[in-house]
Amino acid sequence: MTDSEEKQPTRPPQADKPGETPAAPSGAAPEKPQAGGEEKPAAPAPPAPAKPATPAAPAASGAVPPKPPAPGAPAAAKPAGPPPPPKEPPLKPAPLENDLVKRYKARFGGAILEAWLDRKQAILVTTPDRLLEIAQYTRDEEKFDYLVDLTAVDWPKREKRFDLVLILYSFPKNERLRIKVLLADGEPVSSVESVWPTANWLEREIYDMFGIVFEGHSNLKRLLLPEEWQGYPLRKDYDILQQDEDWIRENLGIESGQ
Amino acid sequence: MSDAFDNFLPGGKANVETTVLGADEIILNMGPQHPSTHGVLRVKLRLDGEKVVGSECVIGYLHRGVEKIAEHRSYQQFAPYVDRMDYVAAVSNGLGYCEAVEKLMGVEAPPRARVIRTILTELQRIASHLFWLGTHALDIGALTPLFYCLREREEILKIFEKYCGARLTTHAFRIGGLQYEAYDELEKDTERFCRGFDKRVDEYEALLTENRIWVGRTKGIGILNAADAIAMGVTGPVLRASGVQWDIRKAMPYAAYDQYEFSIPTGKNGDTYDRYLVRLEEMRQSRKICLQAIENIPSGPILGKVGKVLKPPPGEVYHAIEAPKGELGYYIVSDGTTQPYRVRIRPPSLVNLEALDQMIRGHLVADVVAVIGTLDIVLGEVDR
């Protein structure tokens, strides 16, 4: 991986920035159990959640209240020695409290709602209001320089209906991280296109499929469906057989596309 | 549709917008029915003379709503659908999906299944690259490589056909392992193909690598430097040709890749010629992996412990594999029922295609054809 690190001219080493100093002393040791250590060939399994009974139910169970993780969690984040062979893989999402999360919390405070580990993959839940700042920080300071994917999940029964999901990867660290933004229907969210240019099309696709509006996007229009199409197909209240009858009649000259 | 180009169409409205652009610029439409766009891709080009000053891709002609369909099928029922995304590399799509669901369930495929999966996936990578090479060369004007490439690809498709009965949309793997045991001569067939294949790659190289026309048409065309490549999120051979040595098979090994030795070829200039060299070398490396894998296929079961009804515990997972075209990722959310709550497919072709605009600016129209070819897109995957 050192190779790829060398060949990234845009990212000069910024390790000695003042903002990073709190993390520096503990930088070397906890490198492995940090976020998103999934699938690392040599790394030991990420912190085995010692207390799996924590009721940190994920998005699946309706509203996610902005509650801080259980106070007992920090101990779980730093295994003393090699973790015991995981007999049962940690399928239950467990709260995550490692250095990465601490850095985010120190910097963004209340904007970081929760952090958990699901199938050994790190997830950070945030509010939409400081997304752009968080994105900038994530790319420049935490070195998650590659936006793998940007997508959304619809939970219609929840007060904040959408999860906007940023899947990130860091070339220098070989780690993945997922940032989830909780959004209500119609709530604006800032585009991260200025941070990761690849977000341009991905945000257009989300707008197309979910109707989430990105503020500051350079060209926010539908990506896959026709421009005049009505409705957002990947919302849960859009039936699988539903279609824009008017558009089909007008443009294809048939009664139904089914 | 009221974009500038449509005003050129017969029966279009008065040509208002083009006059705004100035006398020197014209808008040229390419596709969606155009042999060199490799499917139903439409590109609107803004031209200054023959030079491209801007472009816009219009996609979605093959949109089938695969992600919506996934929410209405059980986990197993959805598996054949993923074959229809990148239909020239169906085996890779299936591997990514099956592994993602396995991870969601917390099960692992048995070692034997993993090795057979690796063999078939690497053969698929060769087949996909062969198809790319043939059509890419054809786009640029070299007719002969297509016949050679399809001849070798045919051998691979025959192996698939013997293994699972299908050549293209194979549905070769099942969640938890494999459904079919390897047929008796799988190793022999793979070996026979691999032994002869190295010389075949030499043949392609003899036709193209030092061919003056080929070099002239590809060197310095569609340059993407490493920083831009990362910013645009491109993956696979396109990223590696820009000098970033990154391959998910090495960075986060899956299937049985951690057992085999192979190298990750990279380019220097990030141009069309380097992408050609990288893919050729990748074929040689895939051949190497296949040869190592057939030497020692472990015995044992081919299907792990999965029930007939799959009910993954609530939660979510992101799993990505190195498909022939780049990072193919599946983000699956489970709500504890038999059907996925949400399946998001991260297609390499879509994200790679996004970089097209940047890569063709300043080049000629004829180079657009070369750059579309070098990106190796499949529209079934772009549109899903």
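Let us look at the structure shown here. Computed from a predicted structure; not experimentally measured.

Comments concerning the overall build of chain B
Part 1 of the argument: When helices and strands are counted, chain B shows 16 helices and eight strands.
Part 2 of the argument: Scaling as 2.2 N^0.38, a compact globule of 384 residues should have a C-alpha radius of gyration of about 21 Å, and chain B matches this with 22 Å.
Part 3 of the argument: Seen along its three principal axes, the alpha-carbon backbone of chain B occupies a region of about 70 × 50 × 35 Å.
Part 4 of the argument: Taking all 384 residues of chain B together, 63% fall into the buried category.
Part 5 of the argument: Partitioning the intrachain contacts of chain B with sequence separation of at least 6 by distance along the chain shows that 71% fall at a separation of at least 24.
Part 6 of the argument: In the structure as shown, chain B presents an accessible area of about 13,600 Å², 53% of it carried by carbon and sulfur atoms.

Let's talk about the interface of chain B and chain A
Part 1 of the argument: The partner chain A presents 59 residues to the 53 residues of chain B that form the contact.
Part 2 of the argument: Both faces combined, the contact of chain B with chain A buries some 4,900 Å², and carbon together with sulfur accounts for 58% of it.
Part 3 of the argument: There are eight salt bridges connecting chain B and chain A.
Part 4 of the argument: Between A:Arg176 and B:Glu327 there is a salt bridge, with its nearest N and O atoms 3.2 Å apart.
Part 5 of the argument: Scanning the region where chain B abuts chain A turns up 29 residue pairs in polar contact (both at pLDDT 80 or more).
Part 6 of the argument: Broken down by element, the side of chain B that touches chain A gets its largest block of residues, six residues, from strand β6 (residues 315-323) of chain B.
Part 7 of the argument: The class makeup of the residues in the side of chain B that touches chain A is 30 nonpolar, ten polar and 13 charged.

Observations regarding the pairing of strand β2 (residues 42-48) of chain B
Residue and element names in this part refer to chain B.
Part 1 of the argument: For β2, the buried fraction is high: five of the seven residues fall into the buried class.
Part 2 of the argument: Pairing geometry for strand β1 (residues 25-30) and β2, over six bridges, is antiparallel. Counted as the bridge partner of isoleucine 27 is arginine 46 from β2.
Part 3 of the argument: Both β2 and strand β3 (residues 51-58) contribute to a ladder of seven bridges, which runs antiparallel. Bridge pairing in β3 links arginine 42 to valine 58.
Part 4 of the argument: The antiparallel pairing of β2 with β3 creates a hairpin that spans two residues between the two strands, and glycine 49 there sits at a positive phi of about 65 degrees.

Focus on the sheet that holds strand β7 (residues 326-334) of chain B
Strand pairing in a sheet relies on backbone hydrogen bonds. The paired strands run either parallel or antiparallel.
Residue and element names in this part refer to chain B.
Part 1 of the argument: Taken in spatial order, the three strands make up an open sheet running β6-β7-β8, and their pairing is antiparallel. Each end of this open sheet is capped by a strand with a single partner; those strands are β6 and β8 (342-346). Averaged over neighbouring strand pairs, the angle between their axes works out to 10 degrees when direction is ignored.
Part 2 of the argument: Across nine bridges, β6 lies against β7 in antiparallel orientation. Counterpart to alanine 323 in the pairing with β7 is glycine 326.
Part 3 of the argument: On the sheet, helix α3 (residues 75-82) packs against β7 and β8 and is oriented at approximately 160 degrees with respect to β7.

Some details on the packing of aromatic side chains
Part 1 of the argument: Scanning all chains against the criterion turns up 22 aromatic pairs over all chains.
Part 2 of the argument: Relative to B:Tyr330, the ring of B:Tyr97 has its centre 5.8 Å away and its plane inclined at 65 degrees; by these criteria the two rings are edge-to-face. Taken together, the residues span a long stretch of sequence, with B:Tyr97 in helix α4 (residues 90-105) and B:Tyr330 in strand β7 at a distance of 233 residues.
Part 3 of the argument: We classify B:Tyr97 as buried; its relative accessible area is 1%.
Part 4 of the argument: Ring pairing ties together the aromatic residues A:Tyr146, A:Tyr169, A:Phe171 and B:Trp246, which thus form one cluster.
Part 5 of the argument: Just above the ring of B:Phe262 sits the side chain of B:Lys250; from NZ or CZ to the centre is 4.3 Å.

Details of the environment of B:Ala293
All names here are of chain B.
Part 1 of the argument: By the element assignment, alanine 293 lies in helix α12 (residues 272-295).
Part 2 of the argument: Judged by relative accessible area, alanine 293 falls into the buried class, the value being 0%.
Part 3 of the argument: Sequence separation of alanine 293 and isoleucine 119 is 174 residues, and the distance between their C-alpha atoms is 6.5 Å.
Part 4 of the argument: Sequence-distant contacts of alanine 293, defined by excluding residues within four places in its chain, comprise Val115, Ile119 and Tyr260.

How each quantity is defined
- Residues numbered from 1 in each chain as written.
- Chains lettered and ligands numbered in written order.
- Predicted model: local features only at pLDDT ≥ 70, side-chain atom pairs only at ≥ 80, totals over all residues.
- Heavy atoms only, no water.
- Helix = DSSP H or I, 4+ residues; strand = E, 2+ residues; numbered from the N terminus.
- Rg over C-alpha atoms; globule rule 2.2 N^0.38 Å.
- Buried < 20%, exposed > 50% of the residue type's maximum accessible area, 1.4 Å probe, protein only.
- Contact = heavy atoms within 4.5 Å.
- Areas by Shrake-Rupley, 256 points an atom, 1.4 Å probe, with all protein chains shown as cover.
- Buried area = accessible area lost by both parts, 1.4 Å probe.
- Salt bridge = Lys/Arg side-chain N within 4 Å of Asp/Glu carboxyl O.
- Polar contact = N/O pair within 3.5 Å; in protein donor to acceptor, adjacent residues only side chain to side chain.
- Nonpolar A, V, L, I, M, F, W, Y, C, P; charged D, E, K, R; others polar.
- Pairing = 2+ DSSP bridges.
- Axes fitted to C-alpha atoms, helices over the stretch in contact; angles between N-to-C directions.
- Phe/Tyr/Trp six-rings, centres within 6.5 Å; stacked < 30°, edge-to-face > 60°.
- Lys NZ or Arg CZ within 6 Å of the ring centre and 35° of its normal.

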